[in-house]
Amino acid sequence: VAWSFPLAAVVLTHLPGGGLSDNANFLWNFWWMREALGSGERFFSTPYLFAPYGTDLTLHTHTALNAFAGATVFGGVSPLAALNVTILLSLFLNGFCAYLLAWRITKDTGAALIAGLVFGGSPYLAAHLNGHFNLTSAWTLPLFALATLGAFCRALSGSPAFASVYPAAIAAGVLLGLTAYIDYYYVIYAVMILAALV
């Protein structure tokens, strides 16, 4: 809330960003997800752009995971409020998930708190509050690293039952898949994290 102030105070009425630019695209994504779910249309294509033929949205900066949450979990509020709430939630999750990863590695609460604050409050994330809301949802990256690290540690522990590896490995796979519905760049970063951990 403090990092994005005054967003929490205007969550129902204002679109974040330095004017009307890419930020309006993300608001459209939230509106389109609701339209697609309500009408049975496919989210990854739309008849509303490039009329009369429509267009494919597969390579569009769609933020499908956040828009899906905005259409379902936060479906009782306007698309603008849902967008703003998911931005605030993502900012919290960025720091919290980095905290979890750092605590797993260090077992030091203070160090993990600093790591969460540094990651969650990074200038990279703050700069994207001006309109590239897909890039403010980086929380899947530390969670993916945490799940992957857990799978590797269980596999290398010499445990005779590899069944203990499966939940963490499945979680890592699910997180990698979810990351694609936030931003494709982050999938590349997750694969680089995987390579570094290997």
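Here, the structure is the one placed above.
For clarity, every value in this text was computed on a predicted model and none was experimentally measured.

## Considering the packing of helix 6 (residues 140-156) against helix 7 (residues 166-180)
One can describe the packing of helix 6 onto helix 7 by two numbers: an axis separation of 8 Å at closest approach and a directional angle of 155°. As far as their axial angle goes, helix 7 and helix 6 are roughly antiparallel. The chirality of how helix 6 crosses helix 7 is left-handed. Counted together, Thr140, Leu143, Phe144, Ala147, Thr148, Gly150, Ala151 and Arg154 of helix 6 and Ala168, Ala169, Ala171, Ala172, Leu175, Leu176 and Thr179 of helix 7 form the full contact between these two elements.

## A word on the packing of aromatic side chains
As enumerated under the stated definition, the model contains ten aromatic pairs in all. A centroid spacing of 5.5 Å and a plane angle of 55° characterise the contact between Phe26 and Phe133, whose relative ring orientation is tilted. Taken together, the positions of Phe26 in helix 1 (residues 22-39) and Phe133 in the loop between helix 5 (123-127) and helix 6 put the pair 107 residues apart, joining distant regions of the chain. As far as burial versus exposure is concerned, Phe26 and Phe133 are alike and both buried. A ring pair is formed by Phe44 and Tyr181, whose centres lie 6.0 Å apart and whose planes are at 50°; its orientation type is tilted. Here Phe44, found in the loop between helix 1 and strand 1 (45-46), pairs with Tyr181, found in the loop between helix 7 and helix 8 (184-197); they are 137 residues apart in sequence, far enough to count as distant. Residue classification places Phe44 among the partly exposed positions, given a relative accessible area of 26%. Ring pairing ties together the aromatic residues Trp28, Trp31, Trp32 and Tyr48, which thus form one cluster.

## Points about empty space enclosed by the protein
Enumeration over the complete set of coordinates arrives at one cavity of 30 Å³ or more. There is about 40 Å³ of room inside the largest cavity. Forming the walls of the largest cavity are Phe30, Thr63, Asn66, Leu83, Thr86, Ile87, Ser90, Phe133, Asn134, Thr136 and Ser137. Tallying contributions element by element places helix 3 (residues 79-106) first for the lining of the largest cavity, with four residues. Within the lining of the largest cavity, the residues separate by chemical class into four nonpolar, seven polar and no charged.

## Side note on the nonpolar core
Ranked by internal contacts, the top residues of the largest apolar core, which has 19 residues, are Phe30, Trp32, Met33, Phe43, Leu83, Ile87 and Phe133. Elements with a minimum of two residues in this core: helix 1, helix 2 (64-71) and helix 3. The contacts of Met33, once residues within four sequence positions are left out, are Phe43, Ala64, Ala67, Phe68 and Ala71.

Criteria and thresholds
Residues numbered from 1 in each chain as written. Predicted model: local features only at pLDDT ≥ 70, side-chain atom pairs only at ≥ 80, totals over all residues. Heavy atoms only, no water. Axes fitted to C-alpha atoms, helices over the stretch in contact; angles between N-to-C directions. Helix = DSSP H or I, 4+ residues; strand = E, 2+ residues; numbered from the N terminus. Parallel < 35°, antiparallel > 145°, perpendicular 65-115°, else oblique. Left-handed = near helix turned anticlockwise from the far one by under 90°. Contact = heavy atoms within 4.5 Å. Phe/Tyr/Trp six-rings, centres within 6.5 Å; stacked < 30°, edge-to-face > 60°. Buried < 20%, exposed > 50% of the residue type's maximum accessible area, 1.4 Å probe, protein only. 1 Å grid on protein atoms, 1.4 Å probe; cavity = no way out; pocket = protein on both sides within 12 Å on 5 of 7 lines; lining within 4 Å. Points joined across faces, edges and corners; volume = space filled by probe spheres on them. Nonpolar A, V, L, I, M, F, W, Y, C, P; charged D, E, K, R; others polar. Core = buried A, V, L, I, M, F, W, Y, C linked by side-chain atoms within 4.5 Å.

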